[in-house]
Amino acid sequence: MTAPLPLISLRSVSRTYRTDGVAVAAVRNVSFDIAQGEIVAVMGPSGSGKSTLMNMIGLLDLPSEGEVHLEGANVAELSEDRRSSLRARSIGFVFQSYNLLARHNAIENVALPLVYGGISRKARLARAEQSLQAVGMLHRAHHFPRQLSGGEQQRVAIARALIASPLIVLADEPTGALDSRTGAEILALFAALNRTGQTIVMITHDPGIATQCRRTIRLHDGELVSDETLVPLLPKRSAVS
Amino acid sequence: MTMLQGFQIALHALRLNPLRSFLTMLGIVIGVASIVTVFAIGSGAQLRLQEQIRSIGANVLMITPGAVYQGGVRLKDGSKLTMTESDVQAILEQIPEIQAAAGSIAGTAQVIHESKNWNTTINGTTTGHFMVRDWQLAAGRYFSGTEEAGAGKVVILGSTVARELFAPGDDPIGAQIRIMKVPLEVVGVLDRKGPAQDDVAFVPLSTAKLRFLGSASNINRDSVAYIIAKVAADGQMAGARSEIESLLRQRHRVPAGQEDDFKVQDPAAAMEAQQGAIRTVALLLVAIASVSLLVGGISIMNVMIVSVTERTREIGIRRALGGRMRDIRLQFLCEALVLCLLGGAIGVAGGITLSMTVARMAGWITSIDGEAIGLALVFSIATGLIFGFYPAHKASRLSPIEALKTE
Ligand SMILES: Nc1ncnc2c1ncn2[C@@H]1O[C@H](COP(=O)(O)OP(=O)(O)OP(=O)(O)O)[C@@H](O)[C@H]1O
Ligand SMILES: [Mg+2]
C-alpha cells in the first residue's frame, strides 16, 4: 500500500532574491511534506525565511530552484490565473496585521474569497455567516474593521480564511499583534479547527505556541535545521536529506 | 469576477469619496456638456436654414438691387430700387425657362382685427409669388386680376398672423382687418411653411404702393424691392440665371464694363453653402470641446494612478485571496468607466440645460438629437477605457507579496 499523497510537498526548494546584483538566499534547499490534517509550527529568528517559505506554499511566490507540489501538482507549471484560482479555493491566509479591507464590513470581508470563486452574492453571504459563526463573530457581522478589537479582527480574518473550506490555512504570526490572553484564544481557535481535520501551517516566534502544535519546523538562515513531530500522527517519512 | 461585480466594487469605492469622485469627473462633465451644447446649437442653426431653404421653394432665383452709381460714386447695394414691374413682365415673357415670377415690396406694420393686433411683415406682391414658392392656401383664394390691377383692399394671411388675430374656430375668410388704418378683407389664409415664414401678410402690389408706401420718396410707381422667379427644372438654373442677367443689363442700359445694378442669387445654393459653413464651425467647436474631454481623461488617469498607489495593500489582499490579475484590472477599469459614464451622464444633462438656456436667452433654435448624446456617451466610455487602462494594468501587474508589504 502506498503512502497517501501529501497535501504539500517541498522538494529542494530555494528562493533567492537579487537586488542590485546582490543575491540574498532567503530559503535554501528546503524539503518537507505536509499531510492532510496536520498542524505545523514554523519557527526561526527574524529573517530566517519563514515568510518567504509561506509565500511559496501559498502560491504567492515561486521557488528559484526546486519544486513545490500542491496535491501532487507542480505549482510552477500552473498558469498565474490557475494559481490565483487555487488561492481562492484551496488556501486560506491569516496575517499578523489581519489585512481586512477597511472599507468593507466584517461579513463582506469574510465573503471576499468567494467573489473570486464565482459564487453568487446570496450564497456568499450565507456562507460568510456560517464562517463568522464558527469563529464566534456573527454578532459583529456588520461592523467595520476599525470598530473591532485586534483579536476580533483576527477572528474575522480567520473566518475569511476558512470560508472556501481550503485545503490548508497558512497563518503568518497570527498572534504577533495580540496580547498573550487574546493570542491564546486565537491559538485555541486554531487548535479546535485542527481537531476538525483542518490542515494548518503557522509561523510563530512564541515557543509556548509552538509546543501546542504537534510538529515544529525550524529555519535558520533559510535552511531547515529541524523538523520534529511530538506525537507522530502518521508514519514518519524521510523528508530531510 | 464578473463585469457587474466590477461595477459594484467601483461604485462602492467611489461612494466613499463623493467629492473627490465628482472633482475627478469634472473634466468629463465639462467636455461632454460642451459637446452636447455645441451640437444642439449647431443642428438648431442647420434646422433653421433647412427650413428657410424649403420655404423659398425649389429652383428659385432671387433678383435684388445691386450697385448704383450717382455721378460716378458707387452707392451701397440696394440703396435704390432698380427693379421694376416691367422687368418682371419681361423676364416672364422673354425667358422660356421661367415658369413664374413676381415682384415684391415689403415693410412691417401693425395688423389689427377687432381687439387683437400683431406686428408683422407686409408683403405687396402678385399671385405669381405663391406660384414661385409653391405656397398653397389653407383656405380662401389668391388675389384676383381686378384686385391686382386696381389696388383691391384684400389681404392673404400667413398662418401665424391668422392664429394671432383670430380665435380658434373663428373663420378669418371674409373678415375685415386694418393695416395702417386701411380696412382690408381677408380673402385667403396660407398653409404653414415654417415659423420664420408664416409671420407675414400679403397684399396686392398695387395696394401696397398706393395705400401704404405711396408717399415714400425712393419708390417710383413702377419699382419693386426684389423679384423672385421660378425656373422649370433644376438643370436650367445656370442658363436661366445668365439669361436674366443679360436681359436686365440690356433693359437697365448698364454700360459694358460697369457693375450690374442688380444681383441674381440662388438662395437655396447660398444657404446650402452657409449650412456647410455652420457644420465646419460646429465641428471645430466640437474639436475644442474634445480637448476638455482629453484633459478630463488625463485627470481621471492621474487620480486612478494615485488611487492604485493608495490601495496597493488592498490589491495585495485581493490577490492573496484569489483575485486574478484580470480581476484587479477589471476592478480599476470599471472604476474609471463609472467615473466617465457618470461624468458623461451629468455632462449630457448639463448640456441639455445649457442649450435650452441659450435657446431661451438668445432666441436661437437648438435641437438635441439622440445622435449627439450617443456620441458624447461613446466619447466618455472611450475616455474611460483609454485613460483607465494604464492605471488598471499597473494595478494588475503589482506583485502580491510586495503589495502586501506596503503600509
Ligand atoms: N523582496 C525581497 N527582496 C530582497 N530580499 C528579501 C525580499 N523579501 C525578503 N528578503 C530577504 O529574505 C530574507 C528572509 O525574509 P523573510 O521575510 O522570509 O523572513 P522572516 O523569517 O519572515 O522574518 P520575520 O520573522 O522578521 O518576519 C531576509 O533576509 C530578507 O531581507
Ligand atoms: Mg515574516
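Refer to the preceding data block for the structure.
Residues numbered from 1 in each chain as written. Chains lettered and ligands numbered in written order. Predicted model: local features only at pLDDT ≥ 70, side-chain atom pairs only at ≥ 80, totals over all residues. Heavy atoms only, no water.

A. Region of interest: the overall build of chain A. Counting secondary structure elements, chain A contains seven helices and 10 strands. For chain A, the C-alpha radius of gyration of 18 Å lies close to 18 Å, the compact-globule estimate for 241 residues. For the C-alpha atoms alone, the extent of chain A along its principal axes is close to 50 × 50 × 40 Å. Partitioning the contacts of chain A with sequence separation of at least 6, the portion at a separation of at least 24 is 70%. Within the structure as shown, chain A displays about 11,000 Å² of accessible surface, and the carbon and sulfur contribution to it stands at 51%. Distance from the positive charge centre (25 side chains) to the negative charge centre (22 side chains) of chain A: 7 Å. (Helix = DSSP H or I, 4+ residues; strand = E, 2+ residues; numbered from the N terminus. Rg over C-alpha atoms; globule rule 2.2 N^0.38 Å. Contact = heavy atoms within 4.5 Å. Areas by Shrake-Rupley, 256 points an atom, 1.4 Å probe, with all protein chains shown as cover. Lys, Arg positive; Asp, Glu negative; His and termini not counted. Charge placed at Lys NZ, Arg CZ, Asp CG, Glu CD.)

B. Spotlight on the overall build of chain B. Secondary structure assignment for chain B yields 13 helices and 14 strands. The C-alpha atoms of chain B give 32 Å as radius of gyration, which overshoots the globular expectation for 407 residues (22 Å, by more than 25%). Considering only C-alpha atoms, chain B reaches an extent of 100 × 55 × 35 Å along its principal axes. The buried share of chain B, reckoned over its 407 residues, is 49%. Residue pairs in contact within chain B that sit at least 24 positions apart in sequence constitute 78% of those at least 6 positions apart. As displayed, chain B has an accessible area near 18,900 Å², and 60% of this comes from carbon and sulfur atoms. Charge-centre separation for chain B: the mean point of 37 positive side chains lies 10 Å from the mean point of 34 negative side chains. (Buried < 20%, exposed > 50% of the residue type's maximum accessible area, 1.4 Å probe, protein only.)

C. Up close: the sheet that holds strand β6 (residues 91–95) of chain A. Residues and elements named next belong to chain A. A sheet is described by the order of its strands in space; here six strands give the open sequence β6-β7-β8-β3-β9-β10, paired in mixed fashion. Either end of the sheet is taken by a strand with one partner, and the two such strands are β6 and β10 (223–229). Neighbour to neighbour, the strand axes of the sheet diverge by 15° on average, direction disregarded. With five bridges connecting them, strand β7 (residues 168–172) and strand β8 (residues 199–203) associate as parallel partners. Pairing of D172 across the sheet is with I203, part of β8. Against the sheet, helix α2 (residues 80–90) makes contact with β6 and β7, and its axis sits at roughly 75° relative to β6, the strand it touches most. Running over the sheet, helix α6 (residues 180–195) touches β3 (39–43), β6, β7 and β8 and is turned about 150° from β8. (Pairing = 2+ DSSP bridges. Axes fitted to C-alpha atoms, helices over the stretch in contact; angles between N-to-C directions.)

D. How the structure looks around the site of ligand 1. Close to ligand 1 lie 14 residues, the nearest being S46, G47, K50, S51 and T52 of chain A. The site occupied by ligand 1 is bordered by residues of chains A and B. Contact between ligand 1 and K50 of chain A: an oxygen atom at 2.8 Å from a side-chain N or O atom of the residue. The separation between a nitrogen atom of ligand 1 and a polar side-chain atom of K405 of chain B is 3.1 Å. Starting from 630 Å² of accessible surface for ligand 1 in isolation, the protein chains cover 70%. Among the elements of the structure, α1 (50–57) of chain A together with α13 (400–405) of chain B are those that each provide at least two residues to the shell around ligand 1. Per-class residue counts for the shell around ligand 1 are three nonpolar, seven polar and four charged. (Near = heavy atom within 4 Å. Polar contact = N/O pair within 3.5 Å; in protein donor to acceptor, adjacent residues only side chain to side chain. Nonpolar A, V, L, I, M, F, W, Y, C, P; charged D, E, K, R; others polar.)

E. Representation of the sheet that holds strand β5 (residues 73–74) of chain A in the model. Across the sheet, which stays open at both edges, the four strands sit in the order β2-β1-β4-β5 (chain A) with antiparallel pairing between neighbours. The open sheet is flanked by β2 (22–34) and β5 of chain A, the only strands paired with a single partner.

F. Broad picture of the interface of chain A and chain B. The partner chain B presents 23 residues to the 25 residues of chain A that form the contact. At the junction of chain A and chain B, the tally comes to three salt bridges. Taking the shortest distance from any N to any O, the salt bridge between E80 of chain A and R319 of chain B comes out at 2.9 Å. Of all elements in the fold, only α2, β6 and α3 (106–115) of chain A reach the threshold of two or more residues within the side of chain A that touches chain B. At six residues, α2 of chain A tops the list of elements feeding residues into the side of chain A that touches chain B. Of the residues that constitute the side of chain A that touches chain B, the class distribution is 11 nonpolar, six polar and eight charged. (Salt bridge = Lys/Arg side-chain N within 4 Å of Asp/Glu carboxyl O.)

G. Summary view of the pairing of β10 of chain A. All names here are of chain A. As judged from the six bridges shared by strand β9 (residues 215–220) and β10, these two strands associate in the antiparallel manner. Opposite L219, over in β10, you have L224 as the bridge partner. Connecting β9 to the next strand, β10, in antiparallel fashion are two residues, including D221 with a positive phi near 50°.

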